[in-house]
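Chain residues, written in single-letter form:
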Amino acid sequence: MYCIKKCLINKQIIKPIIRNNIIVGKLCQTIANMPRPRSLPLVGTKLDLLAAGSGKNLHEYIDSRHKQLGPIFCEKLGGNVPLVFISHPTMIRTLFLNLEGKYPAHILPDPWILYEKINGSKRGLFFMSGEEWAKNRSIMNKLVLKDDSEKWLENPIKSTIDNFLQKWKSKAITGCFTPALESDLYRLSTEVIINVLLGSNSSIKTSKHFEELLGFFSENVKKVFQTTTKLYGLPVSLCRYLNLKIWRDFEESVDLSIGIARKIVQEILNNHHDSNGLVKRLCNENVSEEDIKRIAADFVMAAGDTTAYTSLWILFLLAKNEDVRNDIRGKHKNYVKNVIKETMRLFPVAPFLTRILPKQSVLGSYVINQDTPIIASIYTSGRDEQNFSKANMFLPYRWDRNDPRKKELLNHVQSASVPFALGTRSCVGKKIAMLQMTEFIYQIVNNFDFTCSNSADVKAITSLVLVPDRDVKLTVSLLKKV
Ligand code: HEM
């Protein structure tokens, strides 16, 4: 059957003829016709990227490319494979909801692929593909994403945050203090997930040995992230062949993290009759012990940097915006969700989302071949003035339908901000992350006051995920209640 669809090219509307998602009319274009930056023989656009400050400024570099070339362009970025970058919300939705296929595939970081190959270790959901992924993903969806999962998730999350709060309160009792924010937030995220795995009525977590193991583990998860970042853009096979320190550090941190995570999960498995957590629930779904270890170990690692850095960005923005802290104090806990959404619009921890096309498809007005990597530039779509008025300002009320101030903000394309991605392979930990961050921010703002004491400007850099370019220093004191 033939149909006519409206497509967007450089803001002009054209009407190509499409059959089964393939353009068959005369207006079809291919990747060869796509806007692309000028590149030099052999080096391509490597020099441009270097001039922009290399990989750490990738989000800014790609943002300026979109401003120059439009919502879809092609660039090789120093490699040999042409990458297609998209920033238009309609294209992003089309990619995730129509084109990614039954078993969506994404680009995995090179060091992780090599590690898996060398060690033959099988990893969790993020690394699975095909039927194996679909089967495990549907079990996880049922356990941690369905509406009623909040009922059992709330307890372990809330008790971990209460514990965290007590520690900060005891530090603040003698006056203000500056927390080791990054480490504290990593530890919090790790503990939340471990407690979700354990459930709320387990006795394992009370042992001193377990406490120490957790501290060691969360430091190691942080190292995995740091050492992966250091390998970013380097020829990893060569680093490994030469047995460079940069590779050894990475390998050691992954070995340790996976080893400890598996040990923790084994301990929970040994005592699972005493638990109502995720491990027990996976056992009830007849998932094998080996698969539980794979899934649970990766779950902890996926939760570490994402939730820790998003919480860090939220605290940073709140420290600079007293009015928003006051808004939270005067409102229902749900208001915090607007603050989180607004932070993730400005600082999505994953600034680029990737999919590899499972078959030849139409995107915008282009026919793109099977296996082409498509990169959704969500840092750009979230900060585009066409999608959000006053796009670079932190205005959580833009997400509040009932706020009269929202009237001044004409543009609000909700689907232009998709920090958890969309579709069947979107973040499986979204509910856990939102529950954790909502409770955490609500409690922190209602118990403490805090200001940012960094003298220099804090900027975002791409370091696998979007992180601050320096330590964020907060001066925290107990909130004087009137
Ligand atoms: C602010 C917090 C978080 C953000 C912004 C975030 C974002 C994302 C995104 C964008 C993806 C899709 C990646 C892709 O398809 O390429 C993803 C996948 C995933 N996330 Fe999260 N995430 C967060 C927290 C968490 C937490 C707390 C957990 C675990 C409890 C988690 C576990 C996972 C897993 C296992 C996947 C892979 C899912 C699959 O491949 O089916 N995430 N996350």
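Residues numbered from 1 in each chain as written. Predicted model: local features only at pLDDT ≥ 70, side-chain atom pairs only at ≥ 80, totals over all residues. Heavy atoms only, no water.

Caption draft 1: Representation of the pairing of strand 14 (residues 460-463) within the structure. Burial along strand 14 is two-sided: Ala460 and Thr462 and Ile461 and Ser463, pointing in opposite directions, are all buried. Hairpin connection from strand 14 to strand 15 (residues 465-468): one residue lie between these consecutive antiparallel strands, with leucine 464 at a positive phi of about 70°. (Buried < 20%, exposed > 50% of the residue type's maximum accessible area, 1.4 Å probe, protein only. Helix = DSSP H or I, 4+ residues; strand = E, 2+ residues; numbered from the N terminus. Pairing = 2+ DSSP bridges.)

Caption draft 2: Spatial organisation of the packing of helix 6 (residues 149-172) against helix 7 (residues 181-198). Following both chains from N to C, one finds helix 6 and helix 7 inclined at 150°, their axes separated by 9 Å at the closest point. What the angle tells us is that helix 6 and helix 7 run roughly antiparallel. The crossing of helix 6 and helix 7 is right-handed. Mapping the contact onto sequence places Trp152, Leu153, Pro156, Ile157, Thr160, Ile161, Asn163, Phe164, Lys167, Trp168 and Lys171 in helix 6 and Leu181, Asp184, Leu188, Glu191, Val192, Asn195 and Val196 in helix 7. (Axes fitted to C-alpha atoms, helices over the stretch in contact; angles between N-to-C directions. Parallel < 35°, antiparallel > 145°, perpendicular 65-115°, else oblique. Left-handed = near helix turned anticlockwise from the far one by under 90°. Contact = heavy atoms within 4.5 Å.)

Caption draft 3: Fine view of the site of the ligand. Not every one of the 25 residues close to the ligand is listed here, only the nearest: Trp133, Arg137, Arg355, Arg425 and Cys427. Tryptophan 133 is positioned such that a nitrogen or oxygen atom in its side chain is 2.8 Å from an oxygen atom of the ligand. Here an oxygen atom of the ligand and a side-chain polar atom of arginine 355 are 2.8 Å apart. Among the elements of the structure, helix 5 (130-145), helix 12 (289-320), strand 9 (352-356) and helix 16 (430-447) are those that each provide at least two residues to the shell around the ligand. Along the lines of polarity and charge, the residues of the shell around the ligand split into 17 nonpolar, five polar and three charged. (Near = heavy atom within 4 Å. Polar contact = N/O pair within 3.5 Å; in protein donor to acceptor, adjacent residues only side chain to side chain. Nonpolar A, V, L, I, M, F, W, Y, C, P; charged D, E, K, R; others polar.)

Caption draft 4: Spatial organisation of the pairing of strand 12 (residues 373-377). Extensive coverage of strand 12 is indicated by the burial of five of its five residues. Residue alternation in strand 12 divides its side chains into two sets, Pro373, Ile375 and Ser377 and Ile374 and Ala376, and both sets are buried. By the bridge criterion, three bridges tie strand 8 (residues 83-86) to strand 12 in an arrangement that is parallel. Of the residues in strand 12, the one forming a bridge with valine 84 is isoleucine 374. As paired strands, strand 9 and strand 12 are joined by five bridges and run antiparallel to one another. Each residue of the ladder has a partner; that of arginine 355, found in strand 12, is isoleucine 374.

Caption draft 5: Spotlight on the coordination of the iron atom of the ligand. Within the protein, just one atom coordinates the iron atom of the ligand: Cys427 (SG), at a distance of 2.3 Å. Among the structural elements, cysteine 427 can be located in the loop between helix 15 (378-382) and helix 16. (Donors = N, O, S within 2.8 Å, 3.2 Å for Na, K, Ca; no water.)

Caption draft 6: Geometry of the packing of aromatic side chains. According to the stated counting rule, one finds 16 aromatic pairs in the structure shown. Both rings, one in phenylalanine 164 and one in tryptophan 168, keep their centres 5.1 Å apart while their planes meet at 45°; by these two values the pair is tilted. With phenylalanine 164 and tryptophan 168 both in helix 6, this residue pair falls four residues apart, about one helical turn. We classify phenylalanine 164 as buried; its relative accessible area is 9%. Ring geometry for phenylalanine 164 versus phenylalanine 440: centroids 5.3 Å apart, planes at 80°, classification edge-to-face. Note that phenylalanine 164 is positioned in helix 6 and phenylalanine 440 in helix 16, a separation of 276 residues in sequence. Overall, the relative accessible area of 1% leaves phenylalanine 440 in the buried class. Joined through ring pairs, the aromatic side chains of Trp112, Tyr115, Phe126, Phe127, Trp247 and Phe250 make up one cluster. (Phe/Tyr/Trp six-rings, centres within 6.5 Å; stacked < 30°, edge-to-face > 60°.)

Caption draft 7: Representation of the sheet that holds strand 12 within the structure. In spatial order, the strands read 7-8-12-9; together these four strands make up an open sheet with mixed pairing. Edge positions in the open sheet fall to strand 7 (72-75) and strand 9, since each of these has one partner strand only. Neighbouring strand axes in the sheet, compared pairwise and without regard to direction, differ in orientation by 25° on average. Of the strand pairs in this sheet, strand 7 and strand 8 are connected by four bridges, and their pairing is antiparallel. Looking across to strand 8, one finds that cysteine 74 is bridged to valine 84.

Caption draft 8: Focus on the pattern of salt bridges. Enumeration over the complete set of coordinates arrives at 21 salt bridges. Salt-bridge contacts for arginine 294 lead to glutamate 132; the nearest nitrogen and oxygen are separated by 3.0 Å. With a gap of 162 residues between them, arginine 294 in helix 12 and glutamate 132 in helix 5 connect regions that are remote in the sequence. Ionic pairing is found between glutamate 191 and arginine 187, a salt bridge with its closest N-O pair at 2.5 Å. (Salt bridge = Lys/Arg side-chain N within 4 Å of Asp/Glu carboxyl O.)

Caption draft 9: Inspection of the sheet that holds strand 6 (residues 29-30) at higher detail. Pairing within the open sheet is mixed, and its three strands lie in the order 6-11-10. In this open sheet, the two strands that pair with only one neighbour each are strand 6 and strand 10 (361-363). Across two bridges, the pairing between strand 6 and strand 11 (residues 366-368) is parallel. Residue pairing across strands places glutamine 29 opposite tyrosine 366, the latter belonging to strand 11.

Caption draft 10: Spatial organisation of a nonpolar patch on the surface. Judged by side-chain polarity, Leu238, Tyr241, Leu242 and Leu244 come together as a nonpolar surface patch covering roughly 450 Å² of accessible area. Note on placement: tyrosine 241 falls in helix 9 (residues 236-241). The exposure class assigned to tyrosine 241 is exposed, which follows from its relative accessible area of 72%. (Patch = residues over 30% accessible without salt bridge, like charges linked within 9 Å, V, L, I, M, F, W, Y side chains within 5 Å. Areas by Shrake-Rupley, 256 points an atom, 1.4 Å probe, with all protein chains shown as cover.)

Caption draft 11: A look at the nonpolar core. Core analysis: the biggest nonpolar cluster contains 97 residues, and Leu278 and Phe450 have the highest contact counts within it. If we skip the residues at most four places from it in the chain, phenylalanine 450 touches Leu315, Leu318, Ala319, Arg325, Ile444, Val445, Leu474, Thr475 and Val476. (Core = buried A, V, L, I, M, F, W, Y, C linked by side-chain atoms within 4.5 Å.)

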